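Notes for the structure review
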Amino acid sequence: SNKRKGGDMEVTRIIGFIGVFFGVSVPIPQIIRAYSYRGLEGVSSWTYNFLLIAVVCYLIRAIAIKEVVFIISNGIAVGTNLWVRILIETYKKPLK
């Protein structure tokens, strides 16, 4: 029935936003660590380069298909991953 499908749609929407919360929380510990220790030694800049490329691609697709939950999550992910990437460069130790 339509009522059943609508209820399923609402449940999956809630699950989607729960995923958004956890997904956008991933870089937060790195950001806190950077400010606390004034460094991100051991954090791979390549990982964040690839993550940034991935979420930009996901965001472009989400905008194209007008999927709000993915636009929100990937928009936030672009910002937080870019933030970590900038912090990696900011706190990078010079080569000796």
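Look up a bit, the structure's there.
In this report, we go over the structure that sits alongside the text. (Residues numbered from 1 in each chain as written. Predicted model: local features only at pLDDT ≥ 70, side-chain atom pairs only at ≥ 80, totals over all residues. Heavy atoms only, no water.)

1. Points about the side chain of T80
The cut-off we apply is this: We count a stretch as a helix when DSSP gives it H or I for four or more residues in a row; a strand needs E for two or more, and each element gets its number in order from the N terminus. When accessible area is computed with a 1.4 Å probe and restricted to protein chains, residues below 20% of their type maximum are described as buried, those above 50% as exposed, and intermediate ones as partly exposed. Here a polar contact is recorded for every N or O atom pair within 3.5 Å, except that within protein the pair must consist of a potential hydrogen donor and a potential acceptor, and residues adjacent in sequence are included only if both atoms are side-chain atoms. Should any heavy atoms of two residues lie within 4.5 Å, those residues are counted as being in contact.
For T80, the location among the structural elements is in helix α4 (residues 68–90). Here T80 falls in the buried class, since its relative accessible area comes to 10%. Only 3.4 Å separates the side chain of T80 from the backbone oxygen of A77, close enough to count as a polar contact. In this view, T80 contacts V24, P27, I28 and I31; residues no more than four positions away in its chain are not counted.

2. Here we look at α4
Since there are 3.6 residues in each turn of an α-helix, residues three or four apart along the chain are aligned in direction. Definition in use: What a helix should span is 1.5 Å times the count of its residues minus one.
In this model, α4 (23 residues) spans 33 Å end to end at C-alpha, consistent with the 33 Å of a helix rising 1.5 Å per residue. If you check which residues of α4 are buried, you get V69, S73, N74, A77, V78, T80, N81, V84, R85, L87 and I88.

3. A few points about unusual backbone geometry
Located in the positive-phi region is R38, a residue other than glycine, with phi close to 55°. Along the polypeptide, R38 turns up in the loop between α2 (28–37) and α3 (45–65). Its identity is not glycine, yet K66 carries a phi of approximately 55°, on the positive side. Looking at the secondary structure, you find K66 in the loop between α3 and α4.

4. Here's the deal with the nonpolar core
Operational definition: What is meant by a nonpolar core is a set of buried Ala, Val, Leu, Ile, Met, Phe, Trp, Tyr and Cys residues, joined one to another through side-chain atoms within 4.5 Å.
The biggest cluster of nonpolar side chains holds eight residues, and these are I31, A34, L40, V43, Y48, V84, L87 and I88. Looking at this core, the elements that each hand over two or more residues are α2 and α4. Looking at which element gives the most residues to this core, the answer is α4, with three residues. Apart from the residues lying within four places of it in its own chain, the contact partners of V43 are Q30, R33, Y48 and I88.

5. Brief notes about a nonpolar patch on the surface
The criterion, for reference: Exposure above 30% relative accessible area and the lack of any salt bridge qualify a residue for a patch; like charges then connect within 9 Å, and the nonpolar side chains Val, Leu, Ile, Met, Phe, Trp and Tyr within 5 Å. Using a 1.4 Å probe, the Shrake-Rupley method yields the accessible areas, and only the shown protein chains count as cover for residues. Whenever a carboxyl oxygen of Asp or Glu lies within 4 Å of a side-chain nitrogen of Lys or Arg, that contact is scored as a salt bridge.
A contiguous nonpolar surface patch, about 440 Å² in accessible area, is contributed by I14, I18, F21 and F22. Tracing the backbone shows F21 in helix α1 (residues 2–25).

6. With respect to the packing of α2 against α4
The following threshold applies: Note on definitions: angles span 0 to 180 degrees between N-to-C directions of axes, and those axes are lines fitted to C-alpha atoms, for helices only across the stretch in contact. By definition in this entry, angles of less than 35 degrees are roughly parallel, angles greater than 145 are roughly antiparallel, angles of 65 to 115 are roughly perpendicular, and the rest are oblique. Crossing chirality is assigned from the near helix's rotation relative to the far helix, an anticlockwise turn below a right angle marking it left-handed and a clockwise turn marking it right-handed. Polarity classes work like this: nonpolar for Ala, Val, Leu, Ile, Met, Phe, Trp, Tyr, Cys and Pro, charged for Asp, Glu, Lys and Arg, and polar for all others, with Gly in that last group.
Closest axis-to-axis distance for the α2/α4 pair is 9 Å, and the angle between their directions is 30°. What the angle tells us is that α2 and α4 run roughly parallel. Here α2 and α4 pass one another in a crossing that is left-handed. Contact residues: α2 offers I28, Q30, I31, A34 and Y35, while α4 offers T80, W83, V84 and L87. By residue class, the composition of the contact of α2 with α4 is seven nonpolar, two polar and no charged.

7. Remarks on the side chain of N81
One can find N81 in helix α4. We classify N81 as buried; its relative accessible area is 6%. Excluding anything up to four places from it in sequence, N81 contacts P27, Y48, L51, L52 and V55.

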